[in-house]
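Residue-level structure breakdown
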Amino acid sequence: MTAKPKSGSDIRARLGLRPIINVSGTMTHLGASIAVPEVQRVASEILPEWVEINDLHRKASRAIARATGTEAGFVTASASAGITLALAGCMTGADLAKIEQLPDSAGMKNEVVIQMGHMTGYGAPIEQAVRLAGATCVPVGNVTDARAYQLAHKITEKTAAALYVVSHHTVQYGQIPLAEFARVAHEKGVPVVADLASEYDLKGFHAAGADLVIYSAHKFLGGPTAGIVAGRKPLVRATFLQNAGIGRGMKVGKESITGTIAALEAWEQRDHDAVRKLERSYLDLWVKRFTGLPGVTATIIPDPTDNPLDRLMLQVEAETARITAWELADALASGDPPVIVRDHEAEQGFFQLDPCNLHPGEAETVADRVVHELSEARKRNRPQQYSHAERKLRRFERLLRWPD
Ligand SMILES: *Cc1c(COP(=O)(O)O)cnc(C)c1O
């Protein structure tokens, strides 16, 4: 099977990179997202020009404020940088001496309360993003159960901020709802910072009580690699001022600031119903192609955090399919063209196909590749070659050998 030829000039071929198809989602390790045409255009327009960067930041602040229903906004390197700088802003306010003192937080409020079920990672631990600001995490509750009184009890005169995470990465039950979390924090005079890196709703979480909201520009927005911090003006100002301190190493250039503005404007213009319909047609195609194949069950499932998107779950019954879910994922990733599936739960016997990042024709190629690999597995008739634990170990070994 061969890859559908793309317009002869695929830069990946020139660089010697594999022409992967991404049905995993908006992942940093796969190039984040397909930047929308408006973003590509403004980034190349601004790159050869001089600009007064803080004026450009002012323009971005207004665009972000409008899109998020907040007072002000700030663009930094990533959502992860946004978390660190937002918390730093809560610690220092607009005091430049304190800003230069970080990450030494002596004499400042330097504790961040966070529900234990939110202490996740997204390629790096969120707890480290907190420590980068010179703060420490104070966990609330246990992994699957946190309560308002426990949050109130952990807030002291050392508490700089309360951090809330909305993500499929967190525990999906037993957590304190944002509105209640914010009510408890606000009663104690503590600002709430919400990591919403991968959420579609740009307004609801601020409305529900988050003083600072954080989004990735390079995920569903289809923007450049950047992070957006938005919210109450004094806190956003304090976050922006970290550019004169620990934010320097997390700075963005003119192309990312301009690109973020363009991505937000394009998001407001986008025909979201049409996008949804297109994604649905991919899901329907996959269900049709996989239904009835021995050992697999295809089901359309909603996004776990209520983003308006569905994915395909492919359950693999290894005895019948003659291959495990993780080995099928690996076969798809190593074939031609390589298809990278959403497999972080593969040890439970399933993976997902995300329909949000496909170029025209790729959904059909994905279907062909899955059907092909399943048929090969049945021909080989060699169930489970390696365990999920072995696979996980191998991945880290490979990472540690970089760049080989
Ligand atoms: C992706 C993600 C991040 C990291 O976002 P970057 O912009 O890539 O730094 C942080 N938090 C959550 C919940 C995420 O999904």
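Residues numbered from 1 in each chain as written. Predicted model: local features only at pLDDT ≥ 70, side-chain atom pairs only at ≥ 80, totals over all residues. Heavy atoms only, no water.

Put simply, helix α14 (residues 325–334) and helix α16 (residues 388–400) touch, their axes get as near as 9 Å, and they point 40° apart. Put simply, α14 runs oblique to α16. α14 and α16 meet at a crossing whose hand is left-handed. On α16, the residues that touch W326, A329 and D330 of α14 are H388, R391 and R395. (Axes fitted to C-alpha atoms, helices over the stretch in contact; angles between N-to-C directions. Helix = DSSP H or I, 4+ residues; strand = E, 2+ residues; numbered from the N terminus. Parallel < 35°, antiparallel > 145°, perpendicular 65-115°, else oblique. Left-handed = near helix turned anticlockwise from the far one by under 90°. Contact = heavy atoms within 4.5 Å.)

The subject of this paragraph is the domain arrangement of the chain. We note that the domain assignment places domain 1 (11–31 + 271–400) and domain 2 (37–269) within the chain. On a C-alpha basis, the centres of domain 1 and domain 2 stand 32 Å from each other. When the two sides are added together, the surface that domain 1 and domain 2 hide from each other amounts to roughly 930 Å², 51% of it contributed by carbon and sulfur. It is T26, H272 and T305 in domain 1 that bury the most area against domain 2; as a group they hold 45% of the surface buried on that side. Where domain 1 meets domain 2, there are four residue pairs in polar contact (both at pLDDT 80 or more). Partitioned by chemical class, the residues of the side of domain 1 that touches domain 2 number four nonpolar, six polar and two charged. (Domains from an automatic or database assignment. Buried area = accessible area lost by both parts, 1.4 Å probe. Polar contact = N/O pair within 3.5 Å; in protein donor to acceptor, adjacent residues only side chain to side chain. Nonpolar A, V, L, I, M, F, W, Y, C, P; charged D, E, K, R; others polar.)

One pass over the full model with this rule turns up five aromatic pairs. For the ring pair Y200 and W267, a centre distance of 5.6 Å and an interplane angle of 70° mean the geometry is edge-to-face. Taken together, the residues span a long stretch of sequence, with Y200 in the loop between β6 (192–195) and α9 (204–207) and W267 in helix α11 (residues 254–269) at a distance of 67 residues. Each of the two residues, Y200 as well as W267, counts as buried. An aromatic cluster is built from Y200, F220 and W267, whose rings are joined through pairwise contacts. It is R394 that lies over the ring of Y386; its NZ or CZ is 4.6 Å from the centre. (Phe/Tyr/Trp six-rings, centres within 6.5 Å; stacked < 30°, edge-to-face > 60°. Buried < 20%, exposed > 50% of the residue type's maximum accessible area, 1.4 Å probe, protein only. Lys NZ or Arg CZ within 6 Å of the ring centre and 35° of its normal.)

Averaged over all residues, the pLDDT of the chain is 96; the fraction at 70 or higher stands at 98%. α16 is the least confidently modelled element of the chain, averaging 92 in pLDDT, while strand β3 (residues 111–115) averages 99, the highest of any element. Below a pLDDT of 50 lies the segment residues 1–5, which in the model reaches ten contacts outside its immediate sequence neighbourhood of four places, other chains included. (pLDDT = per-residue confidence, 0-100.)

The subject of this paragraph is the site of the ligand. Near the ligand you find 13 residues, and of these A79, S80, D195, S216 and K219 are the closest. Contact between the ligand and S80: an oxygen atom at 2.9 Å from a main-chain N or O atom of the residue. Within the side chain of D195, one N or O atom sits 2.6 Å away from a nitrogen atom of the ligand. Broken down by class, the residue content of the shell around the ligand amounts to three nonpolar, eight polar and two charged. (Near = heavy atom within 4 Å.)

A separate point is the nonpolar core. If you look at the biggest cluster of nonpolar residues, it comprises 49 residues, and the most contacted ones within it are L151, V192, L202, Y215 and L221. Per-element tally for this core: the top contributor is α11, with seven residues. In this structure, L202 is in contact with A67, T68, Y215, F220, L221, L264 and W267, ignoring residues within four places of it in sequence. A129, C137, A197 and V236 belong to the second largest nonpolar core, which has 34 residues in total. (Core = buried A, V, L, I, M, F, W, Y, C linked by side-chain atoms within 4.5 Å.)

A word on the sheet that holds β3. Strands sit in the order β2-β8-β7-β6-β5-β3-β4 across an open sheet of seven strands; the sheet is mixed. The sheet is open, and its two edges are formed by β2 (72–76) and β4 (136–140), each paired on a single side. Neighbour to neighbour, the strand axes of the sheet diverge by 25° on average, direction disregarded. Pairing of β3 with β4, which is carried by five bridges, proceeds in the parallel orientation. Of the residues in β4, the one forming a bridge with E111 is T136. (Pairing = 2+ DSSP bridges.)

Another point: helix α10 (residues 233–240). When we look at burial in α10, the residues that qualify are L235, V236, A238 and T239. The arc that holds every buried residue of α10, seen down its axis, measures 160°, which confines them to one face. Next to the buried residues of α10 lie β2, α4 (79–92), β7 (212–216) and β8 (227–231). (Arc of directions from axis to C-beta.)

Attention now goes to the pairing of β8. Regular strands show a simple pattern: their side chains alternate between the two faces of the sheet. Counting buried positions along β8 yields five of five residues, so the element is predominantly enclosed. Of the two faces of β8, the one carrying G227, V229 and G231 and the one carrying I228 and A230 are both buried. As paired elements, β2 and β8 share five bridges and run antiparallel to each other. Counted as the bridge partner of V75 is I228 from β8. Sheet analysis places β7 next to β8, joined by five bridges and oriented antiparallel. Looking across to β8, one finds that S216 is bridged to G227.

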